[in-house]
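Given next are the chains, with one letter for each unit.
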Amino acid sequence: MKNQTLGEFIIDTQKDFPGSTGELSKILSSIRLAAKLVSHETNKAGLAKHILGAAGSENVQGEQQQKLDVYANNQFIEALKAREVVCGIGSEENDEFISFEEDSCKNGKYVVLMDPLDGSSNIDVNVSIGTIFSVFERCSELGTLAKKEDFLQKGTKQVAAGYVIYGSSTMLVYSTGNGVNGFTFDPSIGVFFLSHPNMKFPEKASIFSINEGNLNISSSKIQEYVAYCKENNPSSSRPYTARYIGSLVADFHRNLIKGGVYLYPDTTKAPNGKLRLLYECSPLAFIAEQAGGKAISNNERILDIQPEDLHQRVPLYIGSSNMINELEAILNRGN
Ligand code: AHM
Ligand code: MG
């Protein structure tokens, strides 16, 4: 179908899940709604700060201005709660998970984990930021409050995951385990259109993304890999190209489209790396694998890690399979 909207796509693909009750579709619809609101607010972030007053002050309507990450967190929580299909939410913005107490929500089959606005330090410099989300079926009993065990599930158990990138255009990219599809927002009519069907990492990949400032405090294996990326070896298209935005969704999205790998390793300063397993690594690992890529930590597949803590951090290496394979060869090599 030409010019397929996200709404139409959600309805069409619901047919792929026999016995589906439409609850997952409602979750995706509420994410779509919150993404539109956050996109709108993100676009005027500079205006809000410099012209309408900094966060913490009042805007012209006399309302208290919120920081954009707090705003995003509230919008996603409210939108998901309103559809009454989610019994709880875990967010990078909240220390503890939220269990919805309303009876209608307690009957919700799903929990959502999210980083409502990743890379938010980039807002002030007009660089792309993103929302990352992950959906699990609860393991606790229906009709009760969501429990911690509902949130501490391995990435392999995700029923859907995705991200929204607020860039030169806003895009929503998601997977329900049946490939990855990307939708671009047309702000003039407020609609997401299918623009990137069946996204796959390209065969040829040559971008590496890492904060090289941390290289001397990273392991010798990571130093070795970065040296490998920079080696002059034209027969294997090396040296590779270095690109690092410092905004995970933007770096991941570019590498998904152009072919590349993103690395946030453990360092002596951050012994488990910086990125959170449940809110950042696991959902993007789900997307990466669905797009033919790979996502690993130092010696295991990200999706196989059993989370122990809501805000657990793990080293993350994610992207094109061939480049992750090269990295793995170095990581697994004896010293
Ligand atoms: P945040 O969740 O506090 O926004 O931090 C996550 C961000 C990622 O988007 C980005 O890839 C990474 O932090 C950059 O970290 P660094 O500045 O250490 O390179
Ligand atoms: Mg984050």
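Right above here is the structure, for reference.
Residues numbered from 1 in each chain as written. Chains lettered and ligands numbered in written order. Predicted model: local features only at pLDDT ≥ 70, side-chain atom pairs only at ≥ 80, totals over all residues. Heavy atoms only, no water.

Caption draft 1: Quick look at the pairing of strand β8 (residues 191-196). Direction of pairing for strand β7 (residues 181-186) relative to β8: antiparallel, over a ladder of 5 bridges. In the sheet register, F185 faces β8, and the bridge partner there is F192. Following β7, the chain reverses through 4 residues before pairing antiparallel with β8; G190 in that reversal takes a positive phi of roughly 70°. (Pairing = 2+ DSSP bridges. Helix = DSSP H or I, 4+ residues; strand = E, 2+ residues; numbered from the N terminus.)

Caption draft 2: Main features of helix α10 (residues 321-332). With 12 residues, α10 extends 16 Å from end C-alpha to end C-alpha; this agrees with the ideal 16 Å at 1.5 Å per step. By the burial criterion, the buried members of α10 are M323, I324, L327, I330 and L331. With its buried residues spanning 115° around the axis, α10 presents them on a single face. On its buried side, α10 packs onto β9 (207-209), α7 (220-230), β11 (260-264), β12 (294-296) and β13 (316-319). (Expected span 1.5 Å × (residues − 1). Buried < 20%, exposed > 50% of the residue type's maximum accessible area, 1.4 Å probe, protein only. Arc of directions from axis to C-beta. Contact = heavy atoms within 4.5 Å.)

Caption draft 3: View of empty space enclosed by the protein. Under the counting rule described, the total for this entry stands at 1 cavity of 30 Å³ or more. Its boundaries defined by the atoms lining it, the largest cavity holds a volume of some 40 Å³. By residue class, the composition of the lining of the largest cavity is 5 nonpolar, 4 polar and no charged. (1 Å grid on protein atoms, 1.4 Å probe; cavity = no way out; pocket = protein on both sides within 12 Å on 5 of 7 lines; lining within 4 Å. Points joined across faces, edges and corners; volume = space filled by probe spheres on them. Nonpolar A, V, L, I, M, F, W, Y, C, P; charged D, E, K, R; others polar.)

Caption draft 4: Representation of the packing of helix α1 (residues 6-14) against helix α2 (residues 23-43). Contact geometry of α1 with α2 gives a least axis separation of 10 Å together with a crossing angle of 165°. Taken together, the axis directions place α1 and α2 in an arrangement best described as roughly antiparallel. Remark: the crossing between α1 and α2 carries right-handed chirality. Facing α1, whose interface residues are L6, G7, I10 and Q14, α2 presents S25, L28, S29 and R32. Here the residues of the contact of α1 with α2 are counted per class, giving 3 nonpolar, 4 polar and 1 charged. (Axes fitted to C-alpha atoms, helices over the stretch in contact; angles between N-to-C directions. Parallel < 35°, antiparallel > 145°, perpendicular 65-115°, else oblique. Left-handed = near helix turned anticlockwise from the far one by under 90°.)

Caption draft 5: Broad picture of the coordination of the magnesium ion (ligand 2). Distances from the magnesium ion (ligand 2) to its protein donors, E92 (OE), D115 (OD), D118 (OD) and E280 (OE), fall within 2.0 to 2.6 Å. When the donor residues of the magnesium ion (ligand 2) are listed from N- to C-terminus, their spacing reads E-x22-D-x2-D-x161-E. Of this pair, D118 sits in strand β3 (residues 110-118) while E280 sits in helix α9 (residues 277-290), and the two are 162 residues apart along the sequence. Assessed through its relative accessible area of 8%, D118 is described here as buried. E280 sits in the buried class, given a relative accessible area of 3%. (Donors = N, O, S within 2.8 Å, 3.2 Å for Na, K, Ca; no water.)

Caption draft 6: Representation of the sheet that holds β12 within the structure. If you trace the 5 strands from one edge of the open sheet to the other, you get β10-β9-β11-β13-β12, paired in mixed fashion. A strand with exactly one partner marks an edge of an open sheet, and here the two such strands are β10 (241-242) and β12. When β11 meets β13, the two strands line up antiparallel, connected through 4 bridges. Counted as the bridge partner of Y264 is L316 from β13.

Caption draft 7: Here's a closer look at the layout of surface pockets. When its volume is computed, the second largest pocket comes out at roughly 340 Å³. If you trace the second largest pocket, you find 21 residues lining it, with D118, G119, K274, L275 and E280 closest to the centre. Contributions of two or more residues to the lining of the second largest pocket are made by β3 and β11. Tallying contributions element by element places β3 first for the lining of the second largest pocket, with 3 residues.

Caption draft 8: A look at the environment of L327. Within the secondary structure, L327 sits in helix α10. With relative accessibility at 0%, the residue L327 sits in the buried group. As a C-alpha pair, L327 and G167 span 160 residues in sequence and 29 Å in three-dimensional space. Filtering out sequence-adjacent residues up to four positions away, L327 remains in contact with I222, Y225, L263 and Y317.

Caption draft 9: Representation of unusual backbone geometry in the model. Here the bond from R238 into P239 is cis, since omega is 10°, no more than 30 degrees from zero. Examined against the element boundaries, P239 turns out to sit in the loop between α7 and β10. A positive phi angle, close to 45°, is found at N198, a residue other than glycine. Take N198: it is sitting in the loop between β8 and β9. Its identity as a non-glycine residue notwithstanding, S237 has a phi of 60°, on the positive side. For S237, the position within the fold is in the loop between α7 and β10. Classification of S237 as partly exposed rests on a relative accessible area of 36%.

Caption draft 10: Examining the packing of aromatic side chains more closely. Under the defined criterion, the tally for this structure stands at 10 aromatic pairs. With 4.9 Å between their ring centres and 40° between their planes, F185 and F192 make a pair best called tilted. F192 matches F185 in its accessibility class, with the two residues each being buried. On the basis of an interplanar angle of 25° and a centroid distance of 6.1 Å, the ring pair of Y244 and Y262 is categorised as stacked. Linking Y244 in the loop between β10 and α8 (248-258) with Y262 in strand β11, this pair joins segments that are 18 residues apart in sequence. (Phe/Tyr/Trp six-rings, centres within 6.5 Å; stacked < 30°, edge-to-face > 60°.)

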